[in-house]
Amino acid sequence: MNLSHLVVHLQPCSITKMPDTESHRSNDLSISGPTLNSGWGRTPKSLGKTLQIKGGDTREKEVELLEFITSNDTSIKIAPRGLGRSYGDSSILSSGLLTDPNQWKDTFDFNSSKGTLRVSSGFSLDEIMRKLVPQGYFVPVTPGTRYVTIGGAVAADIHGKNHHVDGSFTDHTNELRVVSPTGVHVLKRSDPEFKATAGGMGLTGLVSEAVIDLIPISTSKMKVTTRVTQNIDDTILELEENDTKYRYSVAWIDCMAKGRSLGRSVITWGEHLDVSEFTGEGGPCSFDPRFLTSVPDIAPSWLLNRLSVRAFNELWYQKGKLSNEISIESIETFFHPLDMVGSWNRLYGQKGFLQYQFVVPFGAEDTLKETVRLLSNVKVPSFLAVLKRFGKGSGNYLSFPSPGWTLALDIPTHRFGLADLLDRLDSMVVASGGRVYLAKDSRVSKHLIPMMYPEIESFREVAHRLDPDNIFTTDMSRRLALRVDEL
Amino acid sequence: MIDANSMPQSVAVFGGGSEIAGEIVKLLAEKRCEHVVLCGPNFQSMEPIRSQIQSTSSAKVDLVHFDLSQIDDIEKVVNNIFSEHGPIDCSIIAGGILGDQSNDESSPIQVAKVATVNYVGPATALTAIRNRYLDQGYGQIIVLSSVAGERVRRSNYIYGASKAALDGFALSLGESLLDKGIYTLVVRPGFVSTKMTEGLKKAPLSQSPVQVAKDVLKAIEEQKELIWTPPAMRYVMAIYRHLPRKIARRVPF
Ligand SMILES: Cc1cc2nc3c(=O)[nH]c(=O)nc-3n(C[C@H](O)[C@H](O)[C@H](O)COP(=O)(O)OP(=O)(O)OC[C@H]3O[C@@H](n4cnc5c(N)ncnc54)[C@H](O)[C@@H]3O)c2cc1C
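Here the structure is a predicted model, which means the values were calculated and not measured. (Residues numbered from 1 in each chain as written. Chains lettered and ligands numbered in written order. Predicted model: local features only at pLDDT ≥ 70, side-chain atom pairs only at ≥ 80, totals over all residues. Heavy atoms only, no water.)

A. Region of interest: the pairing of strand β13 (residues 248-253) of chain A. Residues and elements named next belong to chain A. Within β13, 6 of the 6 residues are buried, which leaves it mostly tucked inside the rest of the structure. Sheet topology note: the β13/strand β14 (residues 265-272) ladder contains 6 bridges and is antiparallel. Across the sheet, the residue bridging to Y248 is G270, located in β14. Examined bridge by bridge, β13 and strand β19 (residues 385-390) share 3 bridges and lie antiparallel to one another. Note on β19: the bridge partner recorded for A251 is L387. (Buried < 20%, exposed > 50% of the residue type's maximum accessible area, 1.4 Å probe, protein only. Helix = DSSP H or I, 4+ residues; strand = E, 2+ residues; numbered from the N terminus. Pairing = 2+ DSSP bridges.)

B. Here's a closer look at the packing of aromatic side chains. For the coordinates displayed, the defined rule picks out 18 aromatic pairs over all chains. Measuring from centroid to centroid gives 4.9 Å for A:Y248 and A:F335, while their planes differ by 80 degrees, and the two rings are edge-to-face. One end of the pair, A:Y248, is in strand β13; the other, A:F335, is in helix α9 (residues 331-335), with 87 residues separating them in the sequence. A single burial state applies to A:Y248 and to A:F335, both of which are buried. With 5.8 Å between their ring centres and 55 degrees between their planes, A:Y356 and A:F358 make a pair best called tilted. Grouping residues by exposure puts A:Y356 and A:F358 together as buried. An aromatic cluster of at least three residues, connected via ring pairs, comprises A:W40, A:Y87, A:W344, A:Y348 and A:F353. Residue placement shows A:R389 over the ring face of A:W405; its charged tip is 5.4 Å from the ring centre. Positioned above the aromatic ring of B:Y240 is the side chain of B:R151, whose terminal nitrogen or guanidinium carbon lies 5.8 Å from the ring centre. (Phe/Tyr/Trp six-rings, centres within 6.5 Å; stacked < 30°, edge-to-face > 60°. Lys NZ or Arg CZ within 6 Å of the ring centre and 35° of its normal.)

C. Structural detail: the domain arrangement of chain A. Residue and element names in this part refer to chain A. Partitioning chain A into structural domains gives domain 1 (108-217) and domain 2 (221-444). Here the C-alpha centroids of domain 1 and domain 2 sit 23 Å apart. With 35 residues of domain 1 at the interface, the matching set in domain 2 holds 36 residues. Both sides together, the interface formed by domain 1 and domain 2 hides about 3100 Å², and carbon and sulfur atoms give 59% of it. Seen at the junction of domain 1 and domain 2, the total is 3 salt bridges. (Domains from an automatic or database assignment. Contact = heavy atoms within 4.5 Å. Buried area = accessible area lost by both parts, 1.4 Å probe. Salt bridge = Lys/Arg side-chain N within 4 Å of Asp/Glu carboxyl O.)

Quick look at the structure:
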């Protein structure tokens, strides 16, 4: 007689339990919480605790973390967390432990002869820029916000406005140190473990340190070329013809414009300004971005309605029309305009929002146009959508960028019909050979993942080798069955 | 897990024979739900619901013995459901009995039975579920209440009072869980044509379980905390609730 099913009955500890705060206290290790956590979109949310590792430097902490992992039973789960700028559930873990980026800020070795930086994973791009821009160096890739950590930049293999020229973040990462349950691994770009960790959404272990290439700049200013387009065809043509002439390129589509104006955009192209053209006050490399204001937590969800957003988009478009074709801007206004408003994610109210971002290959322009049309038709207020052309992919198993068109836009959630609309867009994207960006996702169907990410099997295999007991996971990984044990 | 549109991947129905819950689960299984646990006292009434769910989706459906009248066992059974079939993303409280007002009025034990199955059992189960959710770190709750609980009427006060109690309990439980990220929806259907109401005279605004389920799905996606179905019922009840007792007594439903 098989009694194994009874054993489960009799063992109350097989119920999922919050990790115990008291039992894991050592001098340098403590667990706090639980707190209610979410990504930047504030939905979904889950309760999880935070693992704190104090004292020593990054090398010592690596050993402590490894000891903690190997001395506990495998029911304790860990999710690496950075600054929580991923939109969905990729850096939260219900009933598990989140790491704290503030504890991974010890190493900061800038090598000026090589132009490289060895840096602990908890440093943000903001901190790095504040230290190094005045010395004439810039990060190789920056997203639309400076408030992302090195760990998050590696795990999502982030892209910036220069992807068509420079590729993604880990194309400029020469070495990674990763704490996995099997040990502290030092990885080079050609290693399969590197390919699984870069873009691997925190599922192979905690990235503790990275060595990245920096790019030399002679000023902290950008020389910006602005062009306004009339409609989507015009936008596509402009980008196809002129992208390669500039290092940085992006189009902001007004998704509330319809009919003949459907897809009208403001395109901005940029280059780092050479010091020979610099005329401003202060040092050419001065860099000290400030907050203009911060949004309080009580902002009601109706604040953003179709009218207020339409007005904003109109303003943006008219401003684009008026601006000089060539202008000089600061790094922060060119790359990170949203960072000037603190906690702007609260604008969407308590119910939160999501960002839908996909890439479709070149040749699938019809799909691109159809998605813009469908998104412009829905009764949801949406600010500007960002359109850009990607260059070559990095070859990492789960990295998002691949040659083609990428479109990203924010949409308030918890509106009837949104789930179905996005499912419909997913089908179109997959049918044309595209994919959605995991760092932004909070709702895609798990059944589409193997079609969007054909190398997921290699990823699962390597992740399993590094972490055979599936200790590293996230709510996203459970939702999408990214790890082999979650299938 | 639950996604940004509030769509769960696994659902447990407490009162697994409920036709309304069956329709809700069918719709959820067309979205992200792939595992359903039907929990009820009577496998015979759950089997047809299982085959219906499986005829329109590939969801896995498990049946578990669960009895709202056995209050001493409820916590243990809920815990077992979570440990054996968990994680459970969404719990639907759907069990209940109508009773027979005219017969039960004089029967203390029948009154106790209706109150137990409709209120004491569900409140016990909800409390056990709440505890499991706090450990699990997330979850959502859907409680099928009734407009009958909004203003208890002479013609079915035994049932109505039990639903009034459940309704109040669920709304406040939901409030207490808000800052824990656990979302609760209370559904107040009007007259629904089901096995339970077979033979009863149809009340105004009566509807089918499918219609109720559609309203529930919309409410989940919109993350509403309380809905009436059909939506117009809300206004009917708002008026009815404010009628003076003398007049309310004479309203014929
Ligand atoms: C306004 C805004 C604009 C954005 N623009 C862009 C853009 O232009 N291009 C782009 O690519 N992205 C963009 N993003 C997304 C953002 O760059 C990524 O989500 C990034 O991963 C966030 O970093 P984070 O430090 O906040 O990490 P989190 O959001 O905390 O975590 C993201 C992922 O990284 C993992 N992770 C974090 N730290 C570690 C670590 N030490 N070791 C291992 N894994 C780790 C987490 O587990 C999780 O899977 C934008 C986001 C916002 C809010």
